[in-house]
Amino acid sequence: MFVEYTWLVPLLPMICFVAVGLIGKRTPEGGAYLAIAGAAASCVISVLVAYEFFTSAAYHDPGYVTAEIEWFKIPGGFTLHFGYYIDSLACLMMLFASFISTLIFVYSKGYMHEQGAKKRRYYAEVSLFLTGMLGLAVSSNFLEMFVFWEIMGLCSYLLIGFWSFSHPEGDDAADNAASAAKKAFLVTRLGDVCLMAGLFVVLYSFGSLDYVRVFDAAAIHAVDQDMLVLGSLLIFGGVIGKSAQFPLLDWLPDAMAGPTTVSALIHAATMVKAGVYLVARCYPLFAQASEVMLFVGIIGGVTAFFAATMALNNMNIKRVLAYSTLSQLGYMFLALGAGGYLIALGIETGDHHLIAAGAAGYVAGCLHMANHAFFKALLFLCSGSVIHAVGTEDMRKMGGLHRKMKITSVTMLIGSLSIAGFPFFSGFWSKELVLETVMHASDYGAEGYLFTILWLLAVVTAFMTAFYMFRMWFMTFSGKPGHASEHCHGESPASMTAPLAILSAFAIGFGFTILFGFDALLSIGVEGPHHQFTVGAGEAKGFEYLSDIFGSAYTYLTIALVLGAIGIAHLMYNKRSVDAGRFNGGGESFVYKALTKRWWFPQLYDQISWKLGYGVARGVDFIDRQVVDGTVNGLSNAVAGGGELIGKAQTGDVRSYTWAVVAGVVLLFALMLALFYFIGGGI
Amino acid sequence: MDSSIITDLFREFTPMAPMLVMLLGALVMPAVSLGYKRRGGVAAVSLAAIAASLLINAVLLASGYSGEYGGLFGYDAFSGLMILLFQSVAFLAALVSASSTETTRLHFGAYSSLLLAATAGMMFVATADDLITIFVGVELASITSYILAAMKRKDPRAAEAAVKYVIIGGLSTAMTVYGLSMLYGVAGTTSLDGIAASLSTAGFSWAFGIAVVMMIAGYGFKIAAVPFHMWAPDVYEGAATPVSMFLATGSKKLGIVVFFKIFLLLFVAGSAVASFATEEVQYAFAIVAALTMTIGNVVAIAQTNIKRMLAYSSIAQAGYILIVMAVMSEYALTGGLFHMFTHVFMKGGAFLIVGALICVGVGEKISDYRGLGRRAPFLAFAMLVFLFALAGIPPLSGFTSKVILFSAAIFDGDGVMTQWIWLAFVAVLNSAISLYYYARVAKAMYIEKGESEAKLKVPAPFLAAIAVCLALTVILGVYPQLLLDFCADAASALFG
């Protein structure tokens, strides 16, 4: 009875977008209450829908419920639908996206309070942003998903560039915001091209873009498996762009130029999670080939490692968090990749145990996605609270804030413990499951040894994560008050601290859901030629996870590493008994430079995209305009009278245009001859 | 709807009724301009003529009328739809011409007359059933547009552009005539149906091959297909912006309509014969399409003048539409027709904004658009929508039409996969490239600071025309079915 109203979930924020855009100026706080109400209402409906979906037995058998209306139909072609497709993944996604967004919007009321007339734009855009995410979560087909995917991309462009006219920190920051926005848009578009091409491959193979018709065992086996691999890889290309994975990982740290609340929105609840969601959504396709899943895993593992290294010596509080997001997203893809790899092998060999083990990877990836949403939202909002109080993002100017901002300090500590994987915080559970799946995957298949390497990278990443998170916490909250800390007038208002408190409860406790049937709720149909296997489907391992996790020696290894990393951070940045400068040669060592330069990724992009792309364009333009049309520039300035004009036109450039036309005709003839020769039509 | 009012009035001339009204308007226009001192009155009369013609066509189209006159002209769902397209373009152009500072003041009567005559020429082509009428229609539209391109005040670039246009246009006409005469030589008739019938029995011949190449070259000039595109940026840049809009959205479609008429008809007929070289010509079109979209998009990146940028983007858009010629399925034609319509409103809207801004003293350089988001919020927003639609960002019309058009390269209507999936990839890649230069304009408008902060107030007719384009760009994106059924009817009418 609630599921039928799923369409309200994305629609309500959409209505708020329109309402805030039209009458936001006349409502208090520039439409903040409207936006909050919309998000909260979506959240309530999501809860009702999810409750009904999970409790009603009628939905358990197919594992999904879908309804669609015709969007448009090309007579003689295919029909495109608009509808919803609710399964456990969609429920999970819309639940945490709407819940966290509501909290972020409440927080924004305090954070954006001083922004005056710009608030209307802000609340309109975040509402649209939320529409994009929720629409994506409940879409019933790939094209509808793509529409929302792009709406989100557009909104991120607008929001990251929010300060571009007048940044509180001056013109340089405004320019940064502008170029960051553009970069985010263009880089994610590069991924979107892949995604669009992937959708075409899916359309080509299946003749439909509807989830119901694509994720169908018979359909999947009927199509050309090579096309399936191609389509999966192209779709994953879109994911790489959207979730900022290696090698397109450079835009996300730059996207910090937007307001901190937007960073929280992008990093925790929306945008980058869309990529993870899409991989999980396309599991039935991806898991048909172990190579695809191996690729997903490798990209995830490599990103996790590289992003973590870049966070080690960064001085900007938001950038450290941004790199940690990339790194954690890498974990999610690693888990999904390893799990899918096992499932793919299981399908090939018909081994049920492998499929079950792979399902654990899927569960681990999704759990980490949800956990990360909570603790990353918490961390970003805490950093926002700090920035709000001290007016800078540079951690060197902070310090000693614990006494002035107790709530922020404690909640941020909780967030840090959670992301570091400190035992019994929520991040701990999902990270251990991820590592366990990767370890498991390394035992199987010809390429299994690669997962051993990825496991090592992941463990080292866990160490680095604990280190840089506590480096950040100590630099910000403990020690001597820094230059900017003196301006701090105390704790942020209640509208900002209340969301922090709520989120920290989740950052502590959400991980425990794995012991109480999280894996049973999450189900996905993965089907092979001989087997149909629904992962999850009501079977909860429950407390078996405890013996799994604590029965393994590796768990203690990672716990030891995490504790060690926290200890080192304590010595270096709290007690200051170890000089951090000793390790980097006073900022001169190669590694230190490599990290501050982000492994030269930005330069690489500049060389490739801006220089090369623009160079090619200029080159083609030169030929088009200068060589062929030699005098066009001079002509338009020099020509005054008509007679002279025609004289010039006849002697100069029109003749070359004419030559181009004649050459074109000759080329066309040659082309036709060549085609006749190669295709061998009947002459 | 009942079309008897119109058929009673025009009797056997009904298939030509919309054109006759338009021509009548063109003929009275010089007299009208003697009576009115101001341009507004003249513009009102020309708008009335277009509106009357539009009304007649709408009634005919909605009533599903079809008929023909003397084997030369035939009105069916296809020609009706294309006439509607040309009328829409003419309406937008006529609406803004009188308030533009670029268009001529002294010769505005002649200007309006030529505009109507050019539109009538295009409409004749849409109904033409015979090589001769196609040729005459194209020439009527071409020669008038040469003059229109030259009619700009105080700008030598217009004269220069017009001269180039005339010379290259003359060359292409020569080629066209040569191609048409070869075709006549092969088939022994100028009637399209007759040629199709003759070809399906005679099969392929080299004379026919030469005719095809010559016609691709000649009408490729109209479309501005690579490598016959060189004139387009110069002419669009040089001409008054309403005329640029007319050429980019209307005149370009003229060439495409000719392609549809001649080639599709011949190949549908020819595909019945095994010895007929359909596939080679399809490949030739596919390569021309791929080149056109790629070169158009890549060169557009380097442009600093917004009219030149839009010109190159038009070239690229024509490349997308040429996919239809490669795929040659009814489904592709549906998508192509739909894209032609969405292109009118998104590209037309963008040109109109450029024209409106020129009226209030904003230059043509992209750098002149800095800070526009504050100076003219509505125009900047509309521009953003048009550019994003052109780039194919959902849920705007450009996205929907591109999805339909590109998916046509993947499978035809019967669910059979085609071999043109590579062309769809090239097209998708190209839409991504295109975002690069559209985003630059968006950045200039919203992110960079301009030298002036003064608010801009543009003439009301421009605002009205832009608002129409904006509304249709959004509506056709969200609810494409509005037009899609007409496109499908038109496609099946052409395929017979």
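Residues numbered from 1 in each chain as written. Chains lettered and ligands numbered in written order. Predicted model: local features only at pLDDT ≥ 70, side-chain atom pairs only at ≥ 80, totals over all residues.

Draft legend 1. Local environment of the overall build of chain A. The helix and strand tally for chain A stands at 28 helices and four strands. Nonlocal contacts in chain A, meaning residues at least 24 apart in sequence, comprise 78% of its contacts between residues at least 6 apart. (Helix = DSSP H or I, 4+ residues; strand = E, 2+ residues; numbered from the N terminus. Contact = placed C-beta atoms within 7 Å.)

Draft legend 2. Inspection of the overall build of chain B at higher detail. Helix and strand content of chain B: 21 helices and two strands. Over its C-alpha atoms chain B spans a radius of gyration of 21 Å, differing by no more than 12% from the 23 Å that the globule rule assigns to 496 residues. The dimensions of chain B, computed from C-alpha atoms along their principal axes, are 70 × 50 × 45 Å. Of the contacts made within chain B by residues no fewer than 6 positions apart, 80% connect residues no fewer than 24 positions apart. (Rg over C-alpha atoms; globule rule 2.2 N^0.38 Å.)

Draft legend 3. Region of interest: unusual backbone geometry. For the bond running from Val226 of chain B to Pro227 of chain B, omega is 5°, close enough to zero to count as cis. Of note, Pro227 of chain B is situated in the loop between α9 (206–223) and α10 (231–238). Following Pro394 of chain B, the chain continues to Pro395 of chain B via a peptide bond in cis, the omega torsion being 0°. Position of Pro395 of chain B among the secondary structure elements: in the loop between α17 (377–391) and α18 (397–408). Even without a glycine there, the phi angle at Ala244 of chain A is positive, about 55°. Residue Ala244 of chain A is classed as buried on the basis of its 30 C-beta neighbours within 10 Å. Phi is positive for Met271 of chain A, close to 45°, though the residue is something other than glycine. (Buried ≥ 20, exposed ≤ 12 C-beta atoms within 10 Å, placed from the backbone.)

Draft legend 4. Examining the nonpolar core more closely. Counting residues in hydrophobic clusters, the biggest one holds 470 residues, and the most contacted among them are Ala377 of chain A together with Ile323 of chain B. The dominant element in this core, judged by the number of residues it contributes, is helix α16 (residues 352–390) of chain A, at 24 residues. Not counting the four nearest positions on each side in its chain, Ala377 of chain A is found in contact with Ile100, Leu103, Ile104, Ala264, Ala268, Ala269 and Leu503 of chain A. (Core = buried A, V, L, I, M, F, W, Y, C linked by C-beta atoms within 7 Å.)

Draft legend 5. Looking closely at the packing of helix α13 (residues 306–321) of chain B against helix α19 (residues 421–446) of chain B. Residues and elements named next belong to chain B. Running from N to C, α13 and α19 cross one another at 165°; their axes reach a closest spacing of 11 Å. As the angle between them shows, α13 and α19 are arranged roughly antiparallel. For the element pair α13 and α19, the recorded crossing hand is left-handed. Across from Ile306, Met309, Ser313, Ala316 and Tyr320 in α13, the residues of α19 making contact are Ala427, Asn430, Ser434, Tyr437 and Val441. (Axes fitted to C-alpha atoms, helices over the stretch in contact; angles between N-to-C directions. Parallel < 35°, antiparallel > 145°, perpendicular 65-115°, else oblique. Left-handed = near helix turned anticlockwise from the far one by under 90°.)

Draft legend 6. Representation of the environment of Leu81 of chain B within the structure. Residue and element names in this part refer to chain B. Relative to the assigned elements, Leu81 resides in helix α4 (residues 77–97). Judged by local crowding, Leu81 falls into the buried class, with 24 C-beta atoms found within 10 Å. Once the C-alpha coordinates of Leu81 and Phe341 are considered, the two residues, 260 residues apart in sequence, prove to be 9.5 Å apart. Sequence-distant contacts of Leu81, that is, excluding residues within four places in its chain, are made with Leu61, Leu337, Phe486, Cys487 and Ala490.

Draft legend 7. Looking closely at the environment of Leu482 of chain B. Within the secondary structure, Leu482 of chain B sits in helix α21 (residues 481–495). In contact with Leu482 of chain B, not counting residues within four places along its chain, are Ile475 and Leu476 of chain B.

Draft legend 8. Looking closely at α9 of chain B. Residue and element names in this part refer to chain B. Its 18 residues place the ends of α9 25 Å apart at the C-alpha level, agreeing with the 26 Å of an ideal helix rising 1.5 Å per residue. Among the 18 residues in α9, 15 count as buried, and that is most of the element. Downstream of α9 by a residue or two, Ala224 has a phi angle that is positive, lying close to 65°. (Expected span 1.5 Å × (residues − 1).)

Draft legend 9. Spatial organisation of the confidence of the model for chain A. Residues and elements named next belong to chain A. Here chain A averages 80 in pLDDT, and 81% of its residues register 70 or above. The lowest-confidence element of chain A is helix α27 (residues 642–651), averaging 38 in pLDDT; the highest-confidence one is helix α17 (residues 406–420), averaging 91. Confidence drops under pLDDT 50 across residues 627–652; counting only partners more than four residues distant or on other chains, this segment forms 41 contacts. (pLDDT = per-residue confidence, 0-100.)

Draft legend 10. Up close: the confidence of the model for chain B. Per-residue pLDDT for chain B averages 88, and the proportion of residues at 70 or more is 97%. Scored as a whole, the predicted complex attains pTM 0.84, and scored at its interfaces, ipTM 0.80.

Draft legend 11. Representation of helix α12 (residues 272–281) of chain A in the model. Among the ten residues of α12 of chain A, ten are classified as buried, and the element is accordingly described as predominantly covered. Among the residues of α12 of chain A, those classed as buried are Val272, Lys273, Ala274, Gly275, Val276, Tyr277, Leu278, Val279, Ala280 and Arg281 of chain A.

Draft legend 12. Spotlight on the packing of α4 of chain B against helix α5 (residues 108–127) of chain B. Residue and element names in this part refer to chain B. Between α4 and α5, the least distance of the axes is 8 Å, while the angle of their chain directions is 170°. For the element pair α4 / α5, the angle class is roughly antiparallel. Note on element contacts: α5 touches α4 through Tyr111, Ser112, Leu115, Thr119, Met122, Met123, Ala126 and Thr127, opposite Ser79, Met82, Ile83, Phe86, Gln87, Ala90, Ala93, Ala94 and Ser97. Taken together, the residues that form the contact of α4 with α5 break down as eleven nonpolar, six polar and no charged. (Nonpolar A, V, L, I, M, F, W, Y, C, P; charged D, E, K, R; others polar.)

Draft legend 13. Seen up close, the environment of Ala359 of chain A. Residue and element names in this part refer to chain A. Among the structural elements, Ala359 can be located in helix α16. Overall, Ala359 belongs to the buried group, with 28 C-beta atoms counted inside 10 Å. A C-alpha to C-alpha distance of 9.6 Å links Ala359 and Leu522, two positions 163 residues apart in sequence.

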